[in-house]
Amino acid sequence: MSEMNPPENMNSNGYEVPPEMRNNIAITTLDKIWNMGRRYSVWPMMFGLACCAIEMICTAASRYDLARFGMEVMRPSPRQADLMIVSGTVTKKMIPQIVRLYNQMPEPKYVLAMGACASGGGPFKEGYNVVSGVDKYVPVDVYVPGCPPTPQALLHGLMKLQEKIDSESIRTVRWYQPGGEEPIPVPILGPDIIDPRDFPKFKSVKAAPAKAETAAESAEAA
Ligand code: SF4
């Protein structure tokens, strides 16, 4: 027996188990049970934004088989999904809808930014109509690089998400703290995109002083 093995009267968690009960009971933690239930039943929301969505669709098809992760049930409703895969270019026109959908998802919920566009703007970064990364508006848990990422890369990202879920504790995740989590204010699309969280900054900007009348304009008015 290796030195790392627990004594015979203890299980692997260090709890003492009477001999007659050995092999009949399992002792674990609430966090482990809770995390196991979630890691094997992450249901992605079914929506795509651009070319990366094609790779996401391939990942869900028979060749790659998302079902082995318990993730094959892509939901067309945010109310029944707990993973938002942002697959494609995030335009300013779409970000209000993305934030609204995120707010409608039940907790616990996760976001995976798939591809260069969703992660940081990609080839369109700082384009007049493109958001430089969806993480400017919603919290991203996993970034999958690539343009586009392959289905294998997306699967790797999903496994990273499972690892993240494994490390969570029901006592510390942000959703179950006193007061819960506030919904994210939905951006407003006007001539440009406006984030309502920036309103305090706007208020602090002093109005520019009115243009002083020139001597010529004063004389003309007189
Ligand atoms: S990262 Fe590349 S493949 Fe993906 S949406 Fe952007 S341009 Fe298309």
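Residues numbered from 1 in each chain as written. Predicted model: local features only at pLDDT ≥ 70, side-chain atom pairs only at ≥ 80, totals over all residues. Heavy atoms only, no water.

A. Main features of the overall build of the protein chain. Within the protein chain, the regular secondary structure consists of seven helices and five strands. When the elements of the protein chain are put in sequence order from the N terminus, they spell out α-α-β-α-β-α-β-α-β-β-α-α. Residue burial in the protein chain is summarised as follows: out of 222 residues, 36% are buried. When contacts within the protein chain are restricted to residue pairs at least 6 apart in sequence, long-range pairs at least 24 apart make up 73% of them. For the protein chain, the accessible area works out to roughly 13,600 Å², and carbon and sulfur atoms hold 59% of it. (Helix = DSSP H or I, 4+ residues; strand = E, 2+ residues; numbered from the N terminus. Buried < 20%, exposed > 50% of the residue type's maximum accessible area, 1.4 Å probe, protein only. Contact = heavy atoms within 4.5 Å. Areas by Shrake-Rupley, 256 points an atom, 1.4 Å probe, with all protein chains shown as cover.)

B. Layout of the side chain of Thr-89. Looking at where Thr-89 falls in the secondary structure, it is placed in the loop between strand S1 (83-87) and helix H3 (95-104). With relative accessibility at 12%, the residue Thr-89 sits in the buried group. With sequence-adjacent residues up to four places away left out, Thr-89 is seen in contact with Leu-49, Ala-50, Cys-117, Phe-124 and Val-130.

C. How the structure looks around the site of the ligand. Taken together, Ala-50, Cys-51, Cys-52, Gly-88, Thr-89, Ala-116, Cys-117, Pro-123, Phe-124, Gly-146, Cys-147 and Pro-148 make up the full set of residues near the ligand. Partitioned by chemical class, the residues of the shell around the ligand number nine nonpolar, three polar and no charged. (Near = heavy atom within 4 Å. Nonpolar A, V, L, I, M, F, W, Y, C, P; charged D, E, K, R; others polar.)

D. Examining the sheet that holds S1 more closely. The parallel open sheet is built from three strands, whose spatial order is S1-S2-S3. Across the chains shown, the open sheet's two edge strands, defined by having one partner strand only, are S1 and strand S3 (142-144). Going across the sheet, the axis of each strand differs from the next one's by a mean of 15 degrees, ignoring polarity. When strand S2 (residues 110-114) meets S3, the two strands line up parallel, connected through three bridges. Bridge assignment links Leu-112 to a residue of S3, and that residue is Val-142. Strands in contact with helix H2 (residues 52-60) are S1 and S2; relative to S1, the strand with the most contacts, it is inclined by about 130 degrees. (Pairing = 2+ DSSP bridges. Axes fitted to C-alpha atoms, helices over the stretch in contact; angles between N-to-C directions.)

E. Expanded view of the side chain of Arg-39. By the secondary structure assignment, Arg-39 is in helix H1 (residues 30-39). Among the residues examined, Arg-39 registers a relative accessible area of 14% and is labelled buried. Residues contacting Arg-39, with those up to four places away along its chain left out, are Phe-69, Met-71, Gln-162, Ile-165 and Asp-166.

F. Broad picture of the packing of aromatic side chains. Evaluated as defined, the whole model comprises four aromatic pairs. Between Trp-175 and Tyr-176, the ring centres sit 6.5 Å apart and the planes meet at 65 degrees, which makes this aromatic pair edge-to-face. Here Trp-175 falls in the buried class, since its relative accessible area comes to 4%. According to the relative accessible area criterion, Tyr-176 is partly exposed, its value standing at 37%. Put simply, the rings of Trp-34, Tyr-110, Trp-175 and Tyr-176 pair up and form one aromatic cluster. The positively charged end of Arg-39 is found above the aromatic ring belonging to Tyr-40, 4.9 Å away from the centroid. (Phe/Tyr/Trp six-rings, centres within 6.5 Å; stacked < 30°, edge-to-face > 60°. Lys NZ or Arg CZ within 6 Å of the ring centre and 35° of its normal.)

G. Structural detail: the nonpolar core. One finds Leu-83, Leu-112 and Leu-158 to be the most contacted residues of the largest nonpolar core, which totals 23 residues. In terms of residue count, helix H5 (residues 151-166) provides more of this core than any other element does, five residues in total. Once residues within four sequence positions are removed from consideration, Leu-83 is found in contact with Val-42, Trp-43, Pro-44, Met-45, Met-105, Tyr-110, Val-111, Leu-112, Leu-158 and Leu-161. By size, the runner-up hydrophobic cluster in this structure holds 21 residues, among which are Met-105, Val-111, Val-131 and Val-134. (Core = buried A, V, L, I, M, F, W, Y, C linked by side-chain atoms within 4.5 Å.)

H. Structural detail: a nonpolar patch on the surface. On the surface, a cluster of nonpolar side chains totalling about 340 Å² of accessible area is made up of Ile-188, Ile-194, Phe-199 and Phe-202. We classify Phe-199 as partly exposed; its relative accessible area is 35%. (Patch = residues over 30% accessible without salt bridge, like charges linked within 9 Å, V, L, I, M, F, W, Y side chains within 5 Å. Salt bridge = Lys/Arg side-chain N within 4 Å of Asp/Glu carboxyl O.)

On their own, these measurements won't tell you what the molecule is for.
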